[in-house]
Amino acid sequence: MERIVVDPLEPSCEALERGAAALRAGRLVAFPTETVYGLGGNALDRDAVALIYAAKGRAATNPLILHVPDLESARRWTGEWPDAAQRLGEAFWPGPLTLVLRRHPDVPEEVSGGLPTAAIRVPAHPVATGLLRRVDFPVAAPSANPAGKVSPTTADHVLKGLEHRAALVLDGGATPRGIESTVVSLAGERPLLLRPGALPASEIQVIVGPLDRPAAAAGLHEAAPSPGMHERHYAPHGEVLLMDWDPHERERVAALAREEVQAGGQVGALLLRPLPGVPVHHPIPMPDDPLAYARLLYASLHGLDDLGCDLILVDPPSRDPAWDGVRDRLTRAARRG
Ligand code: TXA
Ligand code: MG
C-alpha cells in the first residue's frame, strides 16, 4: 500500500486526486476521518465492495457505512428521508453521526449485507471531504482494520493491519476524535441507538427526543438491528481486563498480573489512577476526560500490542453518559469469546 502524506487541514489537490482516481478505478483507498481511518471503495461497484469485505476478513452480513460529502448527497443516496434525518443532518453533519435509513435502490445490497437499510454519514475531515467531493458515488468505508481488531487512528495502524490490502493510504496524521461515529437507526418507528460513539447520545436526544436502545427495542426492529454489534471488537492481541475500583477486585487483578509476570508475560495498563502493588511493565496514564481519553484509546492499545503485552489492565471509566462511547469500546475489547 502506497502512503501519500497530506496536510490534514489543507490537503493538496494532487493527493486528493490520486485518491479519487484510485476509487474511480475500483481500487481501495484508506483515508482519515475525524473518528478513525476508513477503508474506502466505490459503494456502487460490487467488486470494490467485495474487496472491502475480503480485505478486512469481515462477515458478508456485517454492513458498511456510506460516506458522502454533504447532506444533499446523503438525501440522494438514501431510499427515504424522514424529518428526523433532516434535523439530525442539519445539527450534526459534517460530524461523527451515522444514520441508518432505507437503502436507495441504486446502492447494491452487498453494501448492507442484504439488509433493506443502509448506514450513511458526512465525515468532518478535510481529507475525507476533499476525497468525497471528487467522486460522484458514495464511498463505502468501514474502519480500516482487520475485523475484530483495534481500529486505526493513524496511517501506521492502517499499514500494520492491512499492508497490501489497499492501493494507498492518505496519511493525514492522527484522527482527532479517536473512536467511531455514533450510529442511530431511523428505519423503525422510533430512533434507535445502535452504537454509542464520538457524538454523545445526550446531544442527539436534544433534537429527536429519547433514543431506544437495542435491548429495550427487541421486537420492534429486525432480529439483528446492527449485525456488527454482536461480535467481539476493538480487541488487541493481549487479553484486556476491565477492572473495577473495589479493593477485593483489585487484589484479584494484582494476583493475575503477578501470575502473568511469573509466566514471563508482559503486562500493560491504561490507568486513571496509580495502581500500587501491581507489577505493570507498561503503564499508560490516561486522561480523566472522555474526549481526551477517546482520542488516545486506540493508539494506546496499538502501542501496547506493539510492545507484546499479553495482559492489559484497564481502569473502569466513569458511568457518566459522556463516557458511553469509551465504555462501549472497552467493554467489547475485554469481552472474551
Ligand atoms: O466513525 C465511523 O463510523 C468509521 C469511519 C471510517 O467513518 N466507520 C466505521 O465503520 O466504524 P464500521 O464498518 O467499522 O462500523 C459500522 C457499524 C457496524 O457496527 C455496522 O454493523 C453498523 O455500523 N451498520 C452499518 N450499516 C448498518 C445497517 N444498515 N443497519 C444497522 N447497522 C449498520
Ligand atoms: Mg469497525
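The structure presented is a predicted model; accordingly, all values stated were derived computationally and were not measured.

## A short note on the site of ligand 1
1) Next: As a matter of local geometry, ligand 1 sits amid 25 residues, with Thr35, Arg58, Asn62, His67 and Ser181 nearest to it.
2) Next: Contact distances for ligand 1 include 2.9 Å between an oxygen atom and a side-chain N or O atom of asparagine 62.
3) Next: Contact distances for ligand 1 include 3.0 Å between a nitrogen atom and a side-chain N or O atom of threonine 117.
4) Next: Against a free-state accessible area of 690 Å², the protein chains account for coverage of 97% of ligand 1.
5) Next: The set of elements that each furnish at least two residues to the shell around ligand 1 consists of β4 (65-67), β6 (117-121) and β10 (192-195).
6) Next: Grouping the constituent residues of the shell around ligand 1 by class yields twelve nonpolar, nine polar and four charged.

## Focus on the pairing of strand β12 (residues 267-271)
On a regular strand, each side chain points to the face opposite its neighbour's, so the side chains alternate between the two faces of the sheet.
1) Next: In terms of burial, β12 is largely enclosed, as five of its five residues are buried.
2) Next: Where β12 lies against strand β14 (residues 311-314), four bridges are found, and the strand directions are parallel. Across the sheet, the residue bridging to valine 267 is leucine 311, located in β14.
3) Next: In this sheet, strand β13 (residues 282-285) lies alongside β12 in parallel orientation, the contact comprising four bridges. Within β13, the residue paired with glycine 268 across the bridge is histidine 282.

## Some words on the nonpolar core
1) Next: Among the nonpolar cores identified, the biggest contains 45 residues, and Trp93, Leu97, Leu99 and Ile204 are the most heavily contacted of them.
2) Next: Among the elements of the structure, β3 (37-42), α2 (46-56), α3 (71-76), α4 (83-92), β5 (97-102), β6, α6 (155-162) and α7 (201-208) are those that each provide at least two residues to this core.
3) Next: Formed by 23 residues, the second largest nonpolar core is a distinct cluster that contains Leu270, Leu301, Trp323 and Ala334.

## With respect to the sheet that holds strand β1 (residues 2-5)
1) Next: What the ten strands build is an open sheet, ordered β1-β8-β2-β3-β7-β4-β6-β5-β9-β10; its pairing is mixed. With one partner strand each, in any of the chains shown, β1 and β10 form the two edges of the open sheet.
2) Next: Bridge analysis of β3 against strand β7 (residues 139-140) gives two bridges, and the strand direction is antiparallel. Within β7, the residue paired with glycine 41 across the bridge is alanine 140.

Rules used in this analysis
Residues numbered from 1 in each chain as written. Chains lettered and ligands numbered in written order. Predicted model: local features only at pLDDT ≥ 70, side-chain atom pairs only at ≥ 80, totals over all residues. Heavy atoms only, no water. Near = heavy atom within 4 Å. Polar contact = N/O pair within 3.5 Å; in protein donor to acceptor, adjacent residues only side chain to side chain. Areas by Shrake-Rupley, 256 points an atom, 1.4 Å probe, with all protein chains shown as cover. Helix = DSSP H or I, 4+ residues; strand = E, 2+ residues; numbered from the N terminus. Nonpolar A, V, L, I, M, F, W, Y, C, P; charged D, E, K, R; others polar. Buried < 20%, exposed > 50% of the residue type's maximum accessible area, 1.4 Å probe, protein only. Pairing = 2+ DSSP bridges. Core = buried A, V, L, I, M, F, W, Y, C linked by side-chain atoms within 4.5 Å.

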